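The lines below spell out each chain.
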Number of protein chains: 2
Amino acid sequence: MNTSISSVAHIRTLLESLPGEDAVATAAWAVREPQLTKPAGSLGRLEDLGRWLSAWQGRHPPRLDRVCARVFAGNHGVAALGVSAFPPEVTAQMVANFQHGGAAINQLCQTFGTELQVISLELDRPTADFTQGPAMGEGEFAAAFQAGMAAVPDDCDLLCVGEMGIGNTTPAAAIPCALYGGEAGFWTGRGTGIDNDGLDRKTQVVAAGVARHQGLTGLDILRCLGGRELAAMAGAVLAARLKRVPVLLDGYVCTAAVAPLAAENPKALDHCVVAHASAEPGHRRLMERLNKQPLFDLGLRLGEASGAALAVGVVRAALACHTGMATFAEAGVSDS
Amino acid sequence: MNTSISSVAHIRTLLESLPGEDAVATAAWAVREPQLTKPAGSLGRLEDLGRWLSAWQGRHPPRLDRVCARVFAGNHGVAALGVSAFPPEVTAQMVANFQHGGAAINQLCQTFGTELQVISLELDRPTADFTQGPAMGEGEFAAAFQAGMAAVPDDCDLLCVGEMGIGNTTPAAAIPCALYGGEAGFWTGRGTGIDNDGLDRKTQVVAAGVARHQGLTGLDILRCLGGRELAAMAGAVLAARLKRVPVLLDGYVCTAAVAPLAAENPKALDHCVVAHASAEPGHRRLMERLNKQPLFDLGLRLGEASGAALAVGVVRAALACHTGMATFAEAGVSDS
C-alpha cells in the first residue's frame, strides 16, 4: 500500500481523509482496564498509552511485536552560514556510526527491542539555503516525503521517528516561526551547543528565511524552510496513520517537521505521542501549539529518535500492565 | 554483612558514618562520558544516571546484572478509622496477587528484568492507632527496620523500594507533617481514591496523630507515626547505602518513609533517586524538602514500587548509552 507522491497537492488529498480511532478496540480497552487489580486511574499515563495503542492499531489487545525506529538524515544549505557547533560532514560520519552500532540510538533500540533503520537522503547534495530561495523544489520535496512514507512497514506496531542533520535545528525553528508567528528568537535555540555569537547568527538566519517565504501555509512552509529529513519524517508520520501505526515523536526537529501536517488537518497528529520535552526551549512552545503533553522531560537534546526510543520502554510497560495484570475477580481482591 | 538492629539509638549510630560517592569510579565516568559520540550534555539526565551508578556502586563501568525490587506489606491501626477507599483485607489479598504474578509490579519487573520479592510484615497484627499512642514500640520498630535491611542482597546492583498497605498514605502524610510542619491538609491526599468526606476524616486523623506525638525527631517520628512497611523501607535504604547499592525510591509512602533518615543525617539519601512524581500532591512538596527531582511524572499513584520499577528501564538505557556508545575517535566523528 505504498503510495507514489507526486506533489504537495497530492499529499493534501491524502490528508483530507485520515482514519480515526477504532471505536471497537477502544471500547474493549475500556471494558478491561477498570477490572485490573489497582485503584481506578492509578497507573496514570500508562493507562492512556494502552488506550492509545488500541485505538490507533485498531485492535485489542494491541501488540508490540515489531517496533521500528526510522532515522532520516539530510544536509542543509544553511549549515554553511555558521548555525551549528559541528561541521556538516558530521551528518555522514554519524550515519556511519549508526550503521556500526556506536550511537546512542543503537543502544536505546537494543535496550527496548526496537528495530533500527537509517535512511540517508542525498547527503552529498544539501538543500538550498532557505534565506535565498526555497530549501526544496516540488520534486525534491515529494521524493523526500515519499522516502519517509516508504520507510514504514505495513506490519509495524509502533513507529519511532527521528533525524540526523547538522544545522537542522535552524529549519526546526523556522517552521514554527512561519506557522505560528512570533520573533525568530522565541523559536531559536542552541541546538548541539552553539555559543552566543552563533546563536545571534542562527536567529538572524531563521528571521531571514521566514521573511523570504511569507504567505505560505502548511506543507509549503515545510518545503521552503525544511529539509529532506524533515520532509521524510512528515511522510513517515502520514504513512503510519494510513497504516494504523501509532507514532512516538522525538524532539524539536521531529515535532517541527510534522507540525505542518497539523496545519493542513488539525487531526493529522492524533495518532502521535510526543515522547519527551527537549531541552531546546522552542520544543515546549511548539508542543503547546499542538496541544501535546510529552511523556517525560529528562533534558535530552540529541535527536536521532533517542527520546522516542527511550519511550518505547514506557510503552512496553504500559502494554504489559494492561494485558498481563489479573482482574479483581481473577485475583480474589475486593474492589472497594 | 547483615546487622542485627536493637534500637533507634543503634540505627542512629549506623547513620553517623555512611560511605560517600566513590571518587575513582566517578572520575572514570567523567573521563569517558565526554568522549562519546554526542554533543556534550545532550543525553541530559541519562548522563547523570550513569554517573550516579558509578559513584554509588563504587565501580566503573557500573553493572545492572542483578536489579532487585523489594515490596514491603503492612497493616495499620488507623485503617479502622475510615481513611481508605479499600478495606484492610486488601493488603493480604494484594500480597497473594503479587505472589501469583497478577499485579502491576509483576508486569513492570518482568518488562525490565527486575527480580521481585514481597515481604509481608505481620499482616494479621496491624500497628497501633497512632492517634492513641505510638504506632510501634521500640522492639516492633527495630524488627521491621531490620526486616528491610535483611531484604537487600550483598550483590544487588540497583534496588527498587516500594510498599503495599491499606491506609498507609495516612502515615505517609503524618511523617512529613511532623518533620517539616504545616497544616495536615497540606500533606494529606486521596490515596487510592477516597471521597471528600473521607479526605476530611483522613486529614483529621493525620492532625490528631501529629498532635499526639509532639517534640519527636527523625526515626522516632517514623516509629510513632509510621508503620512496619515504612520502617522496613527505611531499613532497606540504609542497608543499600552500607552495601553500595544505588536506590530508586517510589512514590509518596516510600519517600515519606525514608525522609526521617535525612532528618537524622542530611546525606543519608544521597544514593537515592526518586523515580517519579506521584499524583498524590504531598509527594512533590516532600521532594522539594529533600531537594530531589523525580525522573518522570506520569500521574502514577499505585505504590507497589511501580514507579521505581518503571524507572529501571530508564536506568538500563542510561547504562547502555554510557558503556555501549562509540567514542569520537573510535567512530571517526569530528568532535566540533
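Residues numbered from 1 in each chain as written. Chains lettered and ligands numbered in written order. Predicted model: local features only at pLDDT ≥ 70, side-chain atom pairs only at ≥ 80, totals over all residues. Heavy atoms only, no water.

A. Structural detail: the sheet that holds strand 2 (residues 114-120) of chain A. All names here are of chain A. Taken in spatial order, the five strands of this open sheet run 2-1-3-4-5, and their pairing is parallel. Each of the sheet's edge strands pairs with one partner strand only, and the pair in question is strand 2 and strand 5 (272-274). Recorded for the sheet is a direction-independent mean angle of 25° between the axes of neighbouring strands. In the sheet, strand 1 (residues 67-73) pairs with strand 2 via seven bridges, with the strands oriented parallel. When the sheet's bridge partners are listed, V71 is paired in strand 2 with V118. (Pairing = 2+ DSSP bridges. Helix = DSSP H or I, 4+ residues; strand = E, 2+ residues; numbered from the N terminus. Axes fitted to C-alpha atoms, helices over the stretch in contact; angles between N-to-C directions.)

B. View of the pairing of strand 1 (residues 67-73) of chain B. Residue and element names in this part refer to chain B. Most of strand 1 is tucked away: seven of the seven residues are buried. Judged by which residues are buried, strand 1 turns out to be covered on both faces: V67, A69, V71 and A73 on one side and C68, R70 and F72 on the other are all buried. Sheet topology note: the strand 1/strand 3 (residues 158-164) ladder contains seven bridges and is parallel. Paired with F72 across the strands is E163, a residue of strand 3. (Buried < 20%, exposed > 50% of the residue type's maximum accessible area, 1.4 Å probe, protein only.)

C. Spotlight on the interface of chain A and chain B. The partner chain B presents 53 residues to the 53 residues of chain A that form the contact. At the boundary of chain A with chain B, total buried surface from both sides reaches about 3,800 Å², with 69% on carbon and sulfur atoms. Looking at the side of chain A facing chain B, the largest losses of area belong to P39, F86 and L298 of chain A, adding up to 14% of the total buried there. Connecting chain A to chain B are zero salt bridges. Counting every contact that joins chain A to chain B gives 16 residue pairs in polar contact (both at pLDDT 80 or more). Residue assignment for the side of chain A that touches chain B shows that the elements contributing at least two residues are helix 3 (44-57), helix 4 (89-99), helix 5 (104-111), helix 14 (306-324) and helix 15 (328-331) of chain A. Among the elements that make up the side of chain A that touches chain B, the one with the highest residue count is helix 14 of chain A (eight residues). Classifying every residue of the side of chain A that touches chain B by side-chain character gives 28 nonpolar, 17 polar and eight charged. (Contact = heavy atoms within 4.5 Å. Buried area = accessible area lost by both parts, 1.4 Å probe. Salt bridge = Lys/Arg side-chain N within 4 Å of Asp/Glu carboxyl O. Polar contact = N/O pair within 3.5 Å; in protein donor to acceptor, adjacent residues only side chain to side chain. Nonpolar A, V, L, I, M, F, W, Y, C, P; charged D, E, K, R; others polar.)

D. Spotlight on the packing of aromatic side chains. All names here are of chain A. Counted according to the given criterion, the structure contains seven aromatic pairs over all chains. Summarising the aromatic geometry, the rings of F186 and W187 are spaced 5.0 Å apart at their centres and angled 90° between planes, so their arrangement reads as edge-to-face. Connected via pairs of aromatic rings, a cluster forms that spans Y180, F186 and W187. Positioned over the ring face of F186 is R285, at 4.4 Å from the centre of the ring. (Phe/Tyr/Trp six-rings, centres within 6.5 Å; stacked < 30°, edge-to-face > 60°. Lys NZ or Arg CZ within 6 Å of the ring centre and 35° of its normal.)

E. Summary view of the pattern of salt bridges. All names here are of chain A. Taken as a whole and judged by the stated rule, the model has 33 salt bridges over all chains. Of the charged contacts in the structure, one is a salt bridge between R12 and D220, with a shortest N-O distance of 3.1 Å. Of this pair, R12 sits in helix 1 (residues 8-16) while D220 is found in helix 10 (residues 218-225), placing the two residues 208 residues apart along the sequence. Judged by relative accessible area, D220 falls into the buried class, the value being 16%. Between E115 and R66 there is a salt bridge, with its nearest N and O atoms 2.9 Å apart. Of the two residues, E115 is situated in strand 2 and R66 in the loop between helix 3 and strand 1; the sequence distance between them amounts to 49 residues. Among the residues examined, E115 registers a relative accessible area of 30% and is labelled partly exposed. Beyond isolated ion pairs, a larger network of salt bridges with shared partners links R12, D220, R223 and E264.

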